[in-house]
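As a plain string of letters, each chain reads:
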Amino acid sequence: MKKRFYILYILYAVVGILSLTTAACSSDKEEGEKPSLKNKTMEVAFSISVPGSENASDATRIPDPGTDTGEHDDWNRLTVIIAYTQLDMKRTVYYDTFTKEEFYSSNVVQHKETNSRLLPDSDNDGYHEFMMSLPIGKCRIYGVTYTDGKGFDPVGELNKISDDGKDHNDDILNLQISNDYAENDVSKFVSVATGYAINTKDNSEDLQVSLNNIEEMRQYWRMQLNRLAAKVDIQWDAQSAYEKSTETGNVQYTDVKINSFSFCGGATDQNVGAGSGYLFPTLAKEKNLPAISGKKDFINTSEISRRNGRVYHYTFPDGHTPKITFKLETTTTASTGNADKKTSTYTFDLKNVTEGSLQPATWYKINVKVTGKEKQESIIIDSFK
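Rules used throughout
- Residues numbered from 1 in each chain as written.
- Predicted model: local features only at pLDDT ≥ 70, side-chain atom pairs only at ≥ 80, totals over all residues.
- Heavy atoms only, no water.
- Helix = DSSP H or I, 4+ residues; strand = E, 2+ residues; numbered from the N terminus.
- Buried < 20%, exposed > 50% of the residue type's maximum accessible area, 1.4 Å probe, protein only.
- Contact = heavy atoms within 4.5 Å.
- Areas by Shrake-Rupley, 256 points an atom, 1.4 Å probe, with all protein chains shown as cover.
- Phe/Tyr/Trp six-rings, centres within 6.5 Å; stacked < 30°, edge-to-face > 60°.
- Pairing = 2+ DSSP bridges.
- Axes fitted to C-alpha atoms, helices over the stretch in contact; angles between N-to-C directions.
- Core = buried A, V, L, I, M, F, W, Y, C linked by side-chain atoms within 4.5 Å.
- Salt bridge = Lys/Arg side-chain N within 4 Å of Asp/Glu carboxyl O.
- 1 Å grid on protein atoms, 1.4 Å probe; cavity = no way out; pocket = protein on both sides within 12 Å on 5 of 7 lines; lining within 4 Å.
- Points joined across faces, edges and corners; volume = space filled by probe spheres on them.
- Nonpolar A, V, L, I, M, F, W, Y, C, P; charged D, E, K, R; others polar.

**Points about the overall build of the protein chain**
Item 1. When helices and strands are tallied, the protein chain shows 7 helices and 21 strands.
Item 2. For the protein chain, the proportion of its 385 residues judged to be buried stands at 50%.
Item 3. Considering only residue pairs separated by 6 or more positions, the protein chain has 76% of its internal contacts joining residues 24 or more positions apart.
Item 4. Entry remark: accessible area of the protein chain is about 18300 Å², with carbon and sulfur atoms responsible for 46%.

**Quick notes on the side chain of Thr315**
Item 1. Take Thr315: it is sitting in strand E17 (residues 308-315).
Item 2. Residue classification places Thr315 among the buried positions, given a relative accessible area of 1%.
Item 3. If we ignore the near neighbours within four places in the chain, the residues touching Thr315 are Asn179, Phe189, Ala229, Ala230, Phe263, Ser293 and Leu358.

**A closer look at the packing of aromatic side chains**
Item 1. Scanning the model with the defined rule gives 13 aromatic pairs in all.
Item 2. On the basis of an interplanar angle of 55 degrees and a centroid distance of 6.3 Å, the ring pair of Tyr181 and Phe189 is categorised as tilted. Side by side, Tyr181 and Phe189 carry an identical accessibility label, which is buried.
Item 3. For the ring pair Phe261 and Phe326, a centre distance of 5.1 Å and an interplane angle of 25 degrees mean the geometry is stacked. Separated by 65 residues along the polypeptide, Phe261 in strand E14 (residues 255-264) and Phe326 in strand E18 (residues 323-333) bring together distant segments of the chain.

**Comments concerning the sheet that holds E17**
Item 1. Overall, mixed pairing links the 3 strands, which are arranged E17-E13-E20 in an open sheet. The open sheet terminates on both sides in strands that have one partner only, identified here as E17 and strand E20 (363-369). Taken over all neighbouring pairs, the strand axes of this sheet differ in orientation by 15 degrees on average, direction set aside.
Item 2. Of the strand pairs in this sheet, strand E13 (residues 230-237) and E17 are connected by 8 bridges, and their pairing is antiparallel. Each bridged residue has a counterpart across the sheet, and for Val232 the counterpart in E17 is His313.

**Concerning unusual backbone geometry**
Item 1. Even without a glycine there, the phi angle at Ala182 is positive, about 65 degrees.
Item 2. Structurally, Ala182 is set in the loop between strand E9 (176-178) and helix H4 (186-189).
Item 3. Residues other than glycine seldom take positive phi values, yet Glu183 does so here, at roughly 50 degrees.

**A closer look at the nonpolar core**
Item 1. Of all hydrophobic cores here, the largest spans 27 residues; its most connected members are Ile81, Tyr142, Leu158, Ile172, Ile177, Tyr181 and Phe316.
Item 2. Those elements that provide at least two residues to this core are strand E3 (77-86), strand E4 (93-99), strand E8 (137-146), helix H2 (154-159) and helix H3 (169-173).
Item 3. Counting residues per element, this core draws most heavily on E8, which supplies 3 residues.
Item 4. Residues within four places of Ile172 in sequence aside, it is in contact with Ile81, Ala83, Tyr142, Leu158, Ile161 and Phe280.
Item 5. Counting residues in hydrophobic clusters, the runner-up holds 25 residues, among them Leu78, Ile82, Tyr84 and Phe103.

**Structural notes on the pattern of salt bridges**
Item 1. In total, this model carries 10 salt bridges according to the counting rule given.
Item 2. With its nearest N and O atoms 3.1 Å apart, the salt bridge here joins Lys160 to Glu157.
Item 3. For Lys160, a relative accessible area of 60% translates into the label exposed.
Item 4. You can call Glu157 partly exposed: its relative accessible area is 37%.
Item 5. Taking the shortest distance from any N to any O, the salt bridge between Arg310 and Asp233 comes out at 2.6 Å.

**Observations concerning empty space enclosed by the protein**
Item 1. Taken as a whole, this structure holds 2 cavities of 30 Å³ or more when the rule is applied.
Item 2. Here the largest cavity is characterised by a volume of approximately 70 Å³.
Item 3. Looking at the lining of the largest cavity residue by residue, the class counts come to 5 nonpolar, 7 polar and 1 charged.
Item 4. Empty space within the second largest cavity amounts to approximately 40 Å³.
Item 5. Forming the boundary of the second largest cavity are Arg140, Ile141, Tyr142, Tyr196, Ala197, Glu205 and Leu283.
Item 6. Counted by class, the lining of the second largest cavity contains 5 nonpolar, no polar and 2 charged residues.

Structure follows, in structure tokens:
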């Protein structure tokens, strides 16, 4: 198995200037309750770097193997989400969205409605600083890039979260993106990137926004957004089935066809179609959230493709292990001279090579070689070659 990690955004938590004002940030959502005078706020800053920006090395973006499938940084929205786990206020979720043009702007971009700013790359090193005034409290930070108007609206989902003073991090972990996103536009599909902040010193995810935690945030908090999609690369070859047997010298099969195969997610609902993935699948797996990835069928319509071929399938992981099912039609010549036709279904189980689920930003290459030997109909793949 080979892994190709696409690092799209890196956010470094840094502490900016302390502010003892009572302003709370808002978004497209109606503004929540502002902090009372007894509550303090502070400006927290994040440095954002995009591979491919000026003087940022393209070496961080390693292309997938195989043919070029048009994979680029094709996005136009970046949303940063701050969800509090402990906060004595009605509003516990804050967020802001910047366009790609704003990200690359040479001027300071200020969103007054959210009390946030995006600074240009003043050091010419590919890094831009994002700053937002936030209440004192304990929170978790998430990020996502996407293309607006392509069937995915995280801001709309965030707007549905109530200002009730509760911890809504579970709502963030339940955010989903359809596998029909961008209508098979691979460039936009693979440009979706997500991530969440951790303390690199102890791998904790809860950030304590406080006046006494300035150096801790500056030195240790990082958020890296990686490509969300996984790539499943399937190649099949039935030509070996026509080779002569080393034992009898006879051809083992007179006709072999792989008429179709299916990528099968774990969702039990038969009407789910292609299904969806979670924005944060590793966290969804930790929470044991249900499988939501559906089924994608590939029909081989030509005689050549039924003998051998290759296809790339992109999917958003959901924290569960998929299976790949092949339908194989074979024809042999019996001793009586009559044709013996048989249709079999073979299921490839990936549980041993996916760490229990498909991993984001990972390339899975599956080579299927059909020979004249009988195989069990349920096959557990132990390694990728």
